[in-house]
Amino acid sequence: MAAVLRLTVALLLGAGCAHDHAQLGRDALARGDDREAARQFEAALQRDDDASLWRDLARARQRQGDIDGAHDAIVEAAERAPEDPSIVLVRAQLRFAREDREGAARDAAWLLPRLRGGGELERLAVLLVRLGDAPAALRAAARAVEVTGGTAGSYVNLAVLATELRRTAAARDALAEGRKRHPRDLALLETEAAFLLSQGQLDGARADYAAMLDRHAHPGLVHLALALIDHERGALDDAKTHAAAAVEAEGHVRADVHYTLVVVLRDRGELDEARTRLRKARRRFPADDGLARLEAELATR
């Protein structure tokens with residue numbers, strides 16, 4: 001009886017230790033300590049030959065840049081759970097990293113109807129872009145919208161992906177639907193503003209930036225965007241107002257806000273003030289190439 005009890009306690013302690021190593025590994029992975037995560041998963045695998053541990057070890061090694069070691073781990077995971085989509089997704093990413101495009105494409109095609117997590121579908125979409133399969137990438141991103149119930153972030157990801165793929169109509173539709181469902185979401189508003197700028201729709205972009213001015217964590221950057229748009233539109237009075245506000249808010253850390261204000265002043269014909277502002281900017285950012293070029297230009301006027 002005592003021997004059985006000792007064996008039971010030993011087994012329980014061993015299982016608990018494996019669980020502890022697994023949790024410590026996942027905690028380390030979550031905080032970005034990939035080396036510690038790999039160490040903990042390797043320790044957990046000494047006691048529990050589980051597919052999910054091999055998968056997480058592969059992730060940790062992948063993030064460390066150890067692609068071959070990560071591939072070895074994901075092969076072990078796939079042998080134990082060959083139809084686990086989370087494992088196949090990591091394998092597809094690693095196959096692509098090892099220049100096995102054909103294998104990555106096979107995995108990606110298998111995954112598209114099977115993944116259920118929004119984050120996993122978004123990672124699959126990125127992989128499909130890299131594989132050059134734009135239609136499948138858009139389907140994956142659209143499915144991420146569906147499975148998340150249409151979160152604001154899923155619409156942002158779909159719109160950004162569509163824009164990168166130059167699928168303008170798909171990007172516009174994603175933004176329109178997302179903004180309708182989440183009219184107060186700042187990330188969607190910023191994404192729409194950037195999209196409109198990319199399409200040369202300055203009035204629409206300006207309206208979006210103006211709408212976010214009171215809510216943005218860095219209003220100085222919004223003022224900068226408004227200054228650039230107003231300068232492009234030829235509204236130099238408004239451009240000066242916003243450029244000066246951008247300098248007030250961000251001038252201690254960013255040279256580009258000074259550059260923008262000096263250019264606006266130059267184009268308004270206010271050369272004395274432009275030179276005064278530029279001298280102050282050069283003292284703060286003496287190594288900035290843009291300000292140096294602007295100084296040389298103004299010296300000839």
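No experiment lies behind these values; they were computed from the predicted model shown.

Draft legend 1. Structural view of the overall build of the chain. Counting its regular elements, the chain contains 17 helices and zero strands. Going through the 301 residues of the chain one by one, you find that 42% of them count as buried. One way to put it: in the chain the 45 positive side-chain charges average out to a point 1 Å from where the 49 negative ones average out.

Draft legend 2. A look at the environment of Gly-290. Within the fold, Gly-290 resides in helix H17 (residues 289-299). Between the C-alpha atom of Gly-290 and that of Asp-256, which follows or precedes it by 34 residues, the distance is 8.1 Å.

Draft legend 3. Layout of helix H12 (residues 202-212). Listed in full, the buried residues belonging to H12 are Ala-205, Arg-206, Asp-208, Tyr-209 and Met-212. Around the axis of H12, the buried residues are gathered within 160° of arc, so they sit on the same side. The inward-facing, buried residues of H12 abut helix H10 (168-181), helix H11 (186-198), helix H13 (219-233) and helix H14 (236-250).

Draft legend 4. Structural detail: the side chain of Arg-95. With respect to the helices and strands, Arg-95 occurs in helix H5 (residues 85-97). Not counting the four nearest positions on each side in its chain, Arg-95 is found in contact with Asp-100, Gly-103, Ala-104, Arg-106 and Asp-107.

Draft legend 5. Inspection of helix H7 (residues 118-130) at higher detail. Compared with an ideal rise of 1.5 Å per residue, which puts 13 residues at 18 Å, H7 spans 19 Å between its outermost C-alpha atoms and is within 8% of the ideal. Looking only at H7, the buried set comprises Gly-118, Glu-120, Leu-121, Leu-124, Ala-125, Leu-127 and Leu-128. Where H7 is buried, its residues contact H5, helix H6 (101-111), helix H8 (134-147) and helix H9 (152-164). With its phi angle positive at about 85°, Gly-132 sits one or two positions after the end of H7.

Draft legend 6. Looking closely at the pattern of salt bridges. Tallied over the entire structure, the rule returns 29 salt bridges. With its nearest N and O atoms 2.8 Å apart, the salt bridge here joins Arg-80 to Glu-76. With Arg-80 and Glu-76 both in helix H4 (residues 67-80) and four residues apart, this pair spans about one turn of that helix. Judged by its relative accessible area of 34%, Arg-80 is partly exposed. Overlapping salt bridges, with partners in common, bring together Asp-237, Lys-240, Arg-268, Glu-270, Glu-273 and Arg-277 in one network.

Draft legend 7. Region of the structure containing the packing of H11 against H12. At a minimum axis separation of 8 Å, H11 and H12 run at an interaxial angle of 155°. Considered as vectors, H11 and H12 are oriented roughly antiparallel to each other. Considering only the axes of H11 and H12, their crossing is left-handed. Seen from H11, the contacting residues are Leu-186, Leu-189, Glu-190, Glu-192, Ala-193, Ala-194, Leu-196 and Leu-197; seen from H12, they are Leu-202, Gly-204, Ala-205, Asp-208, Tyr-209, Ala-211 and Met-212. Classifying every residue of the contact of H11 with H12 by side-chain character gives 11 nonpolar, one polar and three charged.

The rules behind each value
- Residues numbered from 1 in each chain as written.
- Predicted model: local features only at pLDDT ≥ 70, side-chain atom pairs only at ≥ 80, totals over all residues.
- Heavy atoms only, no water.
- Helix = DSSP H or I, 4+ residues; strand = E, 2+ residues; numbered from the N terminus.
- Buried < 20%, exposed > 50% of the residue type's maximum accessible area, 1.4 Å probe, protein only.
- Lys, Arg positive; Asp, Glu negative; His and termini not counted.
- Charge placed at Lys NZ, Arg CZ, Asp CG, Glu CD.
- Arc of directions from axis to C-beta.
- Contact = heavy atoms within 4.5 Å.
- Expected span 1.5 Å × (residues − 1).
- Salt bridge = Lys/Arg side-chain N within 4 Å of Asp/Glu carboxyl O.
- Axes fitted to C-alpha atoms, helices over the stretch in contact; angles between N-to-C directions.
- Parallel < 35°, antiparallel > 145°, perpendicular 65-115°, else oblique.
- Left-handed = near helix turned anticlockwise from the far one by under 90°.
- Nonpolar A, V, L, I, M, F, W, Y, C, P; charged D, E, K, R; others polar.

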